[in-house]
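Listed below, chain by chain, are the residues.
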Amino acid sequence: MQLVLSLILAAILMVLDYRYDYLSSARKGVSTVLAPIYFLANLPNEVASWADSNIVSRNDLLNENRRLKDELLILKAQNQRLIGLESENARLRSLLGSSRTLRGKRVIAEVLNIDSSLFANELLLNKGSIDDVFVGQPVVDAEGIMGQIVEVSTSTSRMILLNDQKHAIPVRVDRNGVRAIAQGNGRTLYLRHLPNTIDIEEGDLLLSSGLGQKFPDGYPVAKVISVIRQSAQPYAEILAEPTANINRANHVLLLWPYHDPQKATKARSSKGEGDDDTADAIEEASDAE
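Just so you know, these numbers come straight off a predicted model, no measurement behind them.

Undergrad: An account of the pairing of strand β11 (residues 237-242) is needed here, citing residue identities and associated values.
TA: Because side chains alternate across β11, one face comprises the buried residues Ile238, Ala240 and Pro242, and the other comprises Glu237, Leu239 and Glu241, none of which is buried. Two strands pair when backbone bridges link them, and strand β8 (residues 189-191) and β11 are joined in this way by 2 bridges, in the antiparallel orientation. Considered in β11, the bridge of leucine 189 is made with alanine 240.

Structure representation (structure tokens):
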């Protein structure tokens, strides 16, 4: 009986609420009272969801930390490589800039190996006979003369540095034109057989004199770092340091002799040869340039 009355009462309330919205205020009040209960009931689910998305295991953190360290190391290595490439490009631009003052064919060669000891200072280059490299060929960098080629194979060549004990080069003092022979001593250069009265001072720049026609005239060779004069000795002890970066060079510049087309033409004309031969001489000289 009570069940039937409850059903009837519920039906009446539903009809009244549907038709006249009598129970809206009561429904709002009940929702307000029950809101904290709903929140508490749903709290475990919210906590579990937050933990899944924000809390990771210690192993995951260690793995991520290791991965980030590896990426950082790779990026640092790449950055160092970029710095190295930037420096290398600057050296090459400087090297090419210095070659503008030289006439004739020139080729950049890369240093493959260094043979430096008490008795020898040599470099192995990646250019050989297939590149027309020849024994005695002068080698320079952006700062000055480095040495000359002493051995040539098909694809490589070996050069001797200025400071090698077996190497000597004719020089002149830029300040006053005094001529001398600069020979290596294994570390620096010394000027041979110059009297104590010679006008040479510390800081003087030594240039190639062009004698022997092996090295280009007027190219920097070394700077005087020490001048010792002793009355008991007939000759002054003069040491000079090469201007070229002989200990740090990664690239060098190979030089070929310059043949003046006009001189070639005059030489052929003086011998009474035909116009065709003269044209050939001019063409060959232009190719060498």
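After that view, the rundown keeps rolling.
Undergrad: How would you explain the sheet that holds β8 if you had to name every residue and give the values?
TA: With antiparallel pairing, the 6 strands of this closed barrel are ordered in space as β6-β7-β8-β11-β10-β9. Along the sheet, successive strands turn relative to each other by an average axial angle of 40°, direction set aside.

Undergrad: Break down the confidence of the model for the protein chain for me, with residues and values.
TA: Averaged over all residues, the pLDDT of the protein chain equals 76, while 60% of them reach at least 70. Mean pLDDT values over the elements of the protein chain span from 40, in helix α5 (residues 275-288), up to 95, in β11. In this model, residues 273-289 is a region of pLDDT below 50 whose contacts with residues beyond four sequence positions or in other chains number 20 contacts.

Undergrad: Tell me about the side chain of serine 157, residues and numbers included.
TA: Within the secondary structure, serine 157 is located in strand β5 (residues 157-161). With a relative accessible area of 2%, serine 157 lands in the buried category. In terms of polar contacts, serine 157 uses its side chain to reach the backbone carbonyl oxygen of lysine 127, at 2.7 Å. Ignoring anything within four residues of it in the chain, the contact list for serine 157 reads Leu123, Leu124, Leu125, Lys127, Val133, Ile149, Glu151 and Val152.

Undergrad: Could you give an account of the nonpolar core, with specific residues and numbers?
TA: Ranked by size, the top nonpolar core spans 26 residues in total, and within it Leu191, Ile200 and Ile238 carry the most contacts. Taken together, the elements giving at least two residues each to this core come down to β6 (168-173), β7 (179-184), β8, β10 (220-228), β11 and β12 (251-255). It is β10 that contributes the most residues to this core, 4 residues altogether. Residue contacts for isoleucine 200: discarding those within four places in its chain leaves Val173, Arg175, Val178, Leu191, Leu194, Val224, Val227, Arg229 and Ile238. Within the second largest apolar cluster, 16 residues are counted, among which are Val111, Leu125, Val139 and Ala249.

Undergrad: Requested: an account of unusual backbone geometry, with residues and values cited.
TA: One non-glycine residue, aspartate 132, adopts positive backbone phi at about 70°. Within the secondary structure layout, aspartate 132 lies in the loop between β2 (121-125) and β3 (138-140). With a phi close to 55°, histidine 193 is a non-glycine residue in the positive phi region. With respect to the helices and strands, the residue histidine 193 is situated in the loop between β8 and β9 (205-208).

About the cut-offs
Position labels on residues start from 1 in each chain and follow its written sequence. Only residues with pLDDT of at least 70 get local features here, since the model is predicted, and only at 80 or more are side-chain atom pairs given and counted; chain-wide, interface and lining totals rely on the full set of residues. As a convention, hydrogens and water are excluded, and side-chain values are obtained from all of the structure's heavy atoms. Here's how the labels work: a residue is buried when its accessible area is under 20% of the maximum for its type, exposed when over 50%, partly exposed in between, all with a 1.4 Å probe on protein chains only. In this description a helix means any DSSP run of H or I spanning at least four residues, a strand means any run of E spanning at least two, and both kinds are numbered starting from the N terminus. Between any two strands, at least two bridges found by DSSP are needed for them to pair. Between N-to-C directions, angles cover 0 to 180 degrees, with each direction set by a line fitted to C-alpha atoms, over the stretch in contact for helices. Residue-level confidence of the predictor, termed pLDDT, takes values from 0 up to 100. Contact between two residues is taken to exist if any of their heavy atoms lie within 4.5 Å; hydrogens are not considered. N or O atoms within 3.5 Å of each other form a polar contact, as long as, within protein, one can give a hydrogen and the other can take it, and as long as residues adjacent in sequence are counted only when both atoms are side-chain atoms. Throughout, nonpolar core names a set of buried Ala, Val, Leu, Ile, Met, Phe, Trp, Tyr and Cys residues whose side chains join them through atoms within 4.5 Å.

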